[in-house]
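Secondary and tertiary structure notes
As a plain string of letters, each chain reads:
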Amino acid sequence: KVVVTGQDAELAACRNIVQGKQSMTVYKPIKKLAYAAAELAMTLAKNEKFSGSVTTISNGTKNVDAILLNPVVVDKDNLKATVIADGLLTESDVYQ
């Protein structure tokens, strides 16, 4: 048996998890991403120093600053408490 996983917690992936065709997907909460991006944009617009957690990673050409947020593993046990509770997907869409 092959373990199937995914990225981005899209509808098809979540339906596959419910149906047992996929074991998990990765979810990056949109609200957290949006707030982090907005906070950084406002800080840069004010020409202030960003006080959040910044790390440096290589993009293959040079080192760049990055703000990394923790992704969430979504499986059948926490699907309702993550993507559905956050409003990314509806329960009726996922469980059709």
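Residues numbered from 1 in each chain as written. Predicted model: local features only at pLDDT ≥ 70, side-chain atom pairs only at ≥ 80, totals over all residues. Heavy atoms only, no water.

Remarks on the overall build of the protein
Secondary structure summary: the protein contains 4 helices and 5 strands in total. Its helices and strands in sequence order give the protein the pattern β-α-β-α-β-β-β-α-α, from N to C terminus. In summary, the protein has a C-alpha radius of gyration of 17 Å against a globular reference of 12 Å for 96 residues, an excess of more than 25%. A principal-axis box enclosing the C-alpha atoms of the protein has dimensions of 50 × 30 × 15 Å. A burial count over the protein gives 23% of its 96 residues as buried. For the protein, the proportion of contacts with a sequence separation of at least 24, taken over those separated by at least 6, is 43%. Accessible surface computed for the protein: about 7,000 Å², of which carbon and sulfur atoms make up 53%. (Helix = DSSP H or I, 4+ residues; strand = E, 2+ residues; numbered from the N terminus. Rg over C-alpha atoms; globule rule 2.2 N^0.38 Å. Buried < 20%, exposed > 50% of the residue type's maximum accessible area, 1.4 Å probe, protein only. Contact = heavy atoms within 4.5 Å. Areas by Shrake-Rupley, 256 points an atom, 1.4 Å probe, with all protein chains shown as cover.)

So far we have only geometry, and geometry alone does not tell us how the molecule works.
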